[in-house]
Amino acid sequence: MQLTKDAFGKDFIWGVSTAAYQIEGAHDHQGKGPSIWDIFVKKKNRIFQNQHGDQACDFYNRYIQDLPLMQEMHIPNYRFSLSWSRILPDGIGRSNPSGMDFYDRLIDLSLELGIKPWVTLYHWDLPHALEKKGGWVNRDVKEWFGEFVGTCVARYGDRVKNWMVLNEPTVFTAAGYFFGVHAPERKGLGNFLAAAHHAALAQAHGARIIKSLQPDSQVGTTFSCSHIEPFTSREKDIIAAKKADVLLNRLFIEPLLGMGYPTKEIKILNRIEKYMKEGDEKELQFDMDFIGIQNYTREMIRYAMFVPYLQAKIVTAKERKVEMTEMNWEVYPSSIYHMLKKFSSYPNIPPLIVTENGAAFQDKVEHGKVHDPKRMNYLQQAIQHVYQAKREGVNVRGYFVWTFLDNFEWAEGYRPRFGLVYVDFQNQQRIIKSSGHWYANFLK
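The text that follows walks through the structure, step by step, so that each part is easy to find.

Here is what the cut-offs are and how they apply
- Note on numbering: residues in each chain are counted from 1, in written sequence order.
- Since the coordinates come from a predicted model, pLDDT governs what is reported: local features require at least 70, and pairs of side-chain atoms require 80 or more to be given and counted, while whole-chain, interface and lining totals use all residues.
- Remark: hydrogens and water are excluded; side-chain values derive from all non-hydrogen atoms of the structure.
- Criterion for a salt bridge: a side-chain nitrogen of Lys or Arg within 4 Å of a carboxyl oxygen of Asp or Glu.
- We call Phe, Tyr and Trp rings a pair once their centres come within 6.5 Å, taking the six-membered ring for Trp, and we label the pair stacked below 30 degrees between planes, edge-to-face above 60, and tilted otherwise.
- Exposure classes here rest on a 1.4 Å probe applied to the protein chains alone. A residue is buried below 20% of its type maximum, exposed above 50%, and partly exposed in between.
- Comment: the charge-over-ring label is applied if NZ (Lys) or CZ (Arg) is within 6 Å of the ring centre and within 35 degrees of the ring normal.
- Each helix is a run of H or I in the DSSP string that is no shorter than four residues. Each strand is a run of E no shorter than two, and both are numbered from the N terminus.
- Positive: Lys, Arg. Negative: Asp, Glu. His and the chain ends are not part of the count.
- For a helix, the expected span equals 1.5 Å multiplied by the residue count minus one.

Side note on the pattern of salt bridges
Part 1: A full pass over the atoms with the stated rule returns 36 salt bridges.
Part 2: With a closest N to O distance of 3.9 Å, Glu-143 and Lys-142 form a salt bridge.
Part 3: Residues participating in the shared-partner salt-bridge network are Asp-101, Asp-104, Asp-108, Arg-155, Asp-158 and Arg-159.

Pasting the structure below:
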């Protein structure tokens, strides 16, 4: 049977998601300060083909055409992020009037077109000025972030009623502060544990500030997650999979829910206590109105003696010879079902919203059209799995596709395309793909 939007009920939230650095461009326009990504992309061989987000989709100048395109696709909710250094060029202190005005115009036009704004406050683009002071490794980041949150809510809170505090803290702390493959390319366990604890404090602190300034708002935060399975039924692989689960799925949600850090499976995580002060345990906790789940694939894990701290490694999709996306991730749309079930099994979990889900496949323009059956199939199956979870009692209230426009995909550059809308980065032309036409039809 063909699933329809109506099956989810009239209050179910449908939308698309984007992020500031990935689409806006205008990287140094009109008083914007540099972010850690503006700095990182200028270093040689950090990004695929040395690409950068200086222009990206030029959304800063083209939102006037892009938002009506979204309306034309019947998309009623738009999740986007605010660039911290566009609003506060030095991260704290003086604000940038033209940066603040840009988001005023973006929010106002969205509302005028009947599109509800859902704002992410931190989507990885820390102001470079704050990185110079230690960034997420410096405990003061909690207060810096608090100032930014307060500035945004005071300015936009009269029109924005749905807020997301952080985007995927596991990814930006691990990739940016442990492995050094993302900005600001720091490495090592000490940097990671400090950054992780301060991000966990900031996610609760940010939410408290929003609620204190705007008690009637809906406040959540988002987590990356992957369905984890042991590669074999060997005890060592099962233990390795549990460790991977801690790191990829449990590290930030559990302290937020008041359960503390999940240190039992990974003893080395106990070292996070070095960065904790009296009262932090309580400070980490906050009653969110919703939790954003962001899922793309599953990971198979096996024991690996020589991997430090974890003794666990991912058996890649390539090694397993399974169908892959352009990100080299396994095509596994049912992963979203498993993650919704997993998160909903926490006793005091708030309602869930899928705030990102999608797939990157190669796209070709033929006769002015982009036919992308693989992406369409992935999204249809994923939505079917969300429906299944909902039918089985999971309190899931929404689904946002990643992403609206093909964009700058961080270290992968412009190669992987996730968009419902194709972007020609040479001339900034937009073409709605067949997946976009399908989604528009589904939402109509």
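So much for the structure itself; the text now carries on.
Some points on the packing of aromatic side chains
Part 1: Evaluated as defined, the whole model comprises 40 aromatic pairs.
Part 2: Ring centres of Phe-343 and Tyr-346 lie 6.3 Å apart, and the angle between their planes is 75°; this geometry places the pair in the edge-to-face category.
Part 3: You can call Tyr-346 buried: its relative accessible area is 10%.
Part 4: Grouping aromatic residues by their ring pairs yields a cluster made of Phe-8, Phe-12, Trp-14, Tyr-387, Tyr-399, Trp-438, Tyr-439 and Phe-442.
Part 5: Sitting over the ring of Tyr-332, Arg-298 keeps its end group 4.0 Å from the ring centre.
Part 6: Geometry around Phe-48 places Arg-415 over its ring, the cationic atom sitting 5.5 Å from the centre.

Quick word on the side chain of Asp-125
Part 1: Residue placement: Asp-125 occurs in the loop between strand 3 (116–122) and helix 6 (128–131).
Part 2: In this structure Asp-125 is buried but unpaired, with Lys-32 as the nearest side chain of opposite charge at 6.6 Å.

Focus: helix 9 (residues 189–213)
Part 1: A rise of 1.5 Å per residue sets the reference length of helix 9, with its 25 residues, at 36 Å; its end C-alpha atoms lie 36 Å apart and thus fit the reference within 8%.
Part 2: Among the 25 residues of helix 9, 19 are classified as buried, and the element is accordingly described as predominantly covered.

Fair warning: the whole summary comes from geometry, so function is off the table for now.
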